[in-house]
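Tertiary structure, described
Listed here are the chains, written in short residue letters.
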Amino acid sequence: MKYRNQQLREALASEYALGTLQGRARRRFERSLKDDPQLRALVNRWQDRLAPLDAVGQPVHPPARVWRRVQEQLQTGRRRRGLWSNLPFWRTVGLASVAGALALAVSLATLSPARHGAETMVVVMSDAEANPAMTVSWPMQPRGQPRLRVRVMGHPEMASGTAWELWLLPGGEHKPVSLGLIGTEPMQELTVPRSLVPMMDGAYGLAMSVEPAGGSPTGQPTGPVLYKGQCIPL
Amino acid sequence: MCCGAKAATRSAPAERWHPPEPHPLLVADNDAIAELMARCALRDQHAFARLYRLTSAKLYGVAIRILRREDWAEEVLQESFVNIWNHIAEYSATRSAPMTWMTAIVRNRALDWLRRPNLERGNEDYDLLVESLPDQGPGPDLVLGHSRDAAALAECLRQLSGDQRQTIMLAYAHGLSHGELAQHLKQPLGTVKTWIRRGLERLKGCMDGRS
């Protein structure tokens, strides 16, 4: 339905923003909003006019479970694929980090005491601004238990009561696999179970998430991802 | 904040880690929020976590004032943040302040929740509601904030009649319907509708004249 009368359009927009337009009239109005940008603009204008009233109320801190459920819904929601297999999610690793990744990867590969003929997997992990923040490397097809060399750049701080958990992202629809907890020290080594080797050598990337102290209670990332990067075999 | 006998009875699971409390000064910083929203549009989960930390208390306050039940307000806040993440790319088209855009999402979700068929705030809730509402509209010392927009709204609200001002404030802050307003103010439905319509018209005239 089209609302042609300008006075009516203004009145409906104002009562919609105020909250008093209700029931069928509200639903009909919302349908009109979808393909009437001028009507949307009227509503936006009214929302702007009334917005200072929001300052009257006191903020109330929601229970922690709300944030957890938001994340669960975003990761498991039926209407969208999980963030972990979501391509746009990876587009945040920008061009800046690609240049940095190559430079770092080359220097790391030459520094790695790799056996003759064996390849090294290198992952340059970047922060939200696509700045390289951490590198992880390991020899491919290792004889024994794989040892990950973790190098943390800068001097990041870990919030008290939290832990940093490193995740292997196998690619496709496969869920992340925990590689264990890491610290903030510049040079670290992490030994992972031999059973993970086939998965590691074919992995798509790594991610590091902030978890409760002791690590994720669910076996899947629950907190924000600080750093992430793609695997590059060298 | 009243919750009444019908407030959440669901037992809460043991709490785990949750994002640290935001610094109060940052809550009102629209520029910081706008920047985080831009990063969320690029699917930056870290920015989304910070956005939640900075804005959730304010938005939860909005939801709880309208719904007056903590369990409902939690559900609405959760749905709203999922919505914010999924639709954040559409934000720039609105040209509203970022908090206004997010608040509108929460308000609409809360109002939709209240108007679901088969869901009524029962009489007990209504009695609690009436007790919790202020009897007077905002007085001449109404302070809405220090921005120019806030000063304009406060000044223009002062120019309305007391009845117009009170119905508009009650409707906005508590999500009251025409019917609930009529019941609370003990006035005929048509009278309340007229107060609101005329009040909004005068508000627009006054605010447009000042800008």
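Here the structure is a predicted model, which is why all the values come from computation and not from measurement. (Residues numbered from 1 in each chain as written. Chains lettered and ligands numbered in written order. Predicted model: local features only at pLDDT ≥ 70, side-chain atom pairs only at ≥ 80, totals over all residues.)

Things to note about the nonpolar core
Core analysis: the largest hydrophobic core is formed by 37 residues, its most contacted members being Leu51, Ala63, Leu67 and Leu77 of chain B. Every element with two or more residues in this core is listed here: α4 (64-76) of chain A together with α2 (30-41), α3 (45-67), α4 (70-87) and α5 (98-114) of chain B. No other element matches the 13 residues that α3 of chain B contributes to this core. Look past the residues within four positions of Ala63 of chain B in its chain and what remains in contact with it is Ala73, Val76, Leu77, Val106 and Ala110 of chain B. (Core = buried A, V, L, I, M, F, W, Y, C linked by C-beta atoms within 7 Å. Buried ≥ 20, exposed ≤ 12 C-beta atoms within 10 Å, placed from the backbone. Helix = DSSP H or I, 4+ residues; strand = E, 2+ residues; numbered from the N terminus. Contact = placed C-beta atoms within 7 Å.)

Observations regarding the packing of helix α7 (residues 148-158) of chain B against helix α10 (residues 189-210) of chain B
All names here are of chain B. One way to put it is that α7 packs onto α10 with a least axis distance of 9 Å and a crossing angle of 135°. The angle between α7 and α10 falls in the class oblique. You can see that α7 and α10 cross each other, and the crossing is right-handed. The segment α7 lies against α10, with Ala152, Leu153 and Cys156 engaging Leu203, Cys206, Met207 and Arg210. Here the residues of the contact of α7 with α10 sort into six nonpolar, no polar and one charged. (Axes fitted to C-alpha atoms, helices over the stretch in contact; angles between N-to-C directions. Parallel < 35°, antiparallel > 145°, perpendicular 65-115°, else oblique. Left-handed = near helix turned anticlockwise from the far one by under 90°. Nonpolar A, V, L, I, M, F, W, Y, C, P; charged D, E, K, R; others polar.)

Things to note about the sheet that holds strand β1 (residues 120-126) of chain A
Residue and element names in this part refer to chain A. One open sheet accounts for eight strands, arranged β5-β4-β7-β8-β1-β2-β3-β6; its pairing is antiparallel. In this open sheet, the two edge strands, each paired with only one partner strand, are β5 (177-182) and β6 (187-191). Neighbour-to-neighbour, the strand axes of the sheet open up by a mean angle of 25°, direction not taken into account. Relative to β6, strand β3 (residues 147-152) runs antiparallel, the two being bridged by five bridges. Following the sheet pairing, Val150 is matched in β6 by Gln188. (Pairing = 2+ DSSP bridges.)

Regarding the packing of α4 of chain A against α4 of chain B
The relative placement of two packed helices is expressed as an angle between their axes plus a distance between the axes. Here α4 of chain A crosses α4 of chain B at 45°, and the two axes come no closer than 9 Å. Compared by their axis directions, α4 of chain A and α4 of chain B come out oblique. Judged by the sense of rotation from one axis to the other, the crossing of α4 of chain A with α4 of chain B is right-handed. Between α4 of chain A and α4 of chain B, the residues in contact are Val66, Arg69, Val70, Gln73 and Leu74 of chain A and Glu74, Leu77, Gln78, Phe81, Val82 and Trp85 of chain B, respectively. Considered class by class, the residues forming the contact of α4 of chain A with α4 of chain B number seven nonpolar, two polar and two charged.

Quick word on the environment of Cys40 of chain B
All names here are of chain B. Along the polypeptide, Cys40 turns up in helix α2. Each C-alpha atom of the pair Cys40 and Arg50 lies 9.9 Å from the other, and the pair is 10 residues apart in sequence. With near-sequence residues (within four places) excluded, Cys40 lies in contact with Ala47, Phe48, Leu51, Trp85 and Ile88.

Overview of the confidence of the model for chain B
All names here are of chain B. Mean pLDDT over chain B stands at 76; residues scoring 70 or higher make up 70%. Helix α1 (residues 24-27) is the least confidently modelled element of chain B, averaging 39 in pLDDT, while α10 averages 94, the highest of any element. The low-confidence segment residues 1-28, where pLDDT is below 50, has 47 contacts with residues more than four positions distant or belonging to other chains. (pLDDT = per-residue confidence, 0-100.)

A closer look at the interface of chain A and chain B
Facing 50 residues of chain A, the contacting portion of chain B comprises 61 residues. For the side of chain A that touches chain B, the elements supplying multiple residues, two or more each, are α1 (6-18), α3 (37-50), α4, α5 (87-91) and β8 (225-233) of chain A. The dominant element in the side of chain A that touches chain B, judged by the number of residues it contributes, is α4 of chain A, at eight residues. Here the side of chain A that touches chain B is built from residues that sort into 27 nonpolar, 16 polar and seven charged.

Some points on the confidence of the model for chain A
Detail in the predicted coordinates should be disregarded across regions flagged by low pLDDT. Mean pLDDT over chain A stands at 78; residues scoring 70 or higher make up 80%. Here α5 of chain A is the element of chain A with the lowest mean pLDDT, 37, and α1 of chain A is the one with the highest, 93.

Quick word on the environment of Asn108 of chain B
Residues and elements named next belong to chain B. Within the secondary structure, Asn108 is located in helix α5. Residue classification places Asn108 among the partly exposed residues on the basis of 19 C-beta atoms within 10 Å. Remark: the alpha-carbon pair of Asn108 and Gly175, spanning 67 residues in sequence, is separated by 9.7 Å.

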